[in-house]
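What the coordinates show
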Amino acid sequence: MKKLSYLFIALFSLSLLTTSCREEKDTGDKIEEAVDDAGDAVEDAADDVEDAMDDN
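A brief structural summary.

What counts, and where the lines are drawn
- Residues numbered from 1 in each chain as written.
- Predicted model: local features only at pLDDT ≥ 70, side-chain atom pairs only at ≥ 80, totals over all residues.
- Heavy atoms only, no water.
- Helix = DSSP H or I, 4+ residues; strand = E, 2+ residues; numbered from the N terminus.
- Buried < 20%, exposed > 50% of the residue type's maximum accessible area, 1.4 Å probe, protein only.
- Areas by Shrake-Rupley, 256 points an atom, 1.4 Å probe, with all protein chains shown as cover.
- Patch = residues over 30% accessible without salt bridge, like charges linked within 9 Å, V, L, I, M, F, W, Y side chains within 5 Å.
- Salt bridge = Lys/Arg side-chain N within 4 Å of Asp/Glu carboxyl O.
- Polar contact = N/O pair within 3.5 Å; in protein donor to acceptor, adjacent residues only side chain to side chain.

1. Examining the overall build of the chain
In terms of regular secondary structure, the chain is built from two helices and zero strands. Of all 56 residues assigned to the chain, the portion counted as buried reaches 0%. Split by element, the accessible area of the chain, about 5,500 Å² in all, is 60% carbon and sulfur.

So this is what it looks like as structure tokens:
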């Protein structure tokens, strides 16, 4: 019974350590990521248009 208690305490402590170290993004990082995603979407659309033009 004592070993089982130690196991639960160890797992609980591990879960606290892993959730407390989570990195949160600030507004600047979110904006930069959105701009990068938009740029990637524009490039993908341009590639699709170029492929469609080459097929015709």
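2. Quick notes on a nonpolar patch on the surface
A cluster of nonpolar residues, Met1, Leu4, Leu7, Phe8, Leu11 and Leu14, forms a patch on the protein surface that exposes about 680 Å² of accessible area. Structurally, the position occupied by Leu7 is in helix 1 (residues 2–20). Owing to a relative accessible area of 45%, Leu7 belongs among the partly exposed residues under this scheme.

3. What to know about the environment of Ser15
Inspection of the secondary structure assignment puts Ser15 in helix 1. Reaching out from Ser15, the side chain makes a polar contact with the backbone oxygen of Phe12 at a distance of 2.7 Å.

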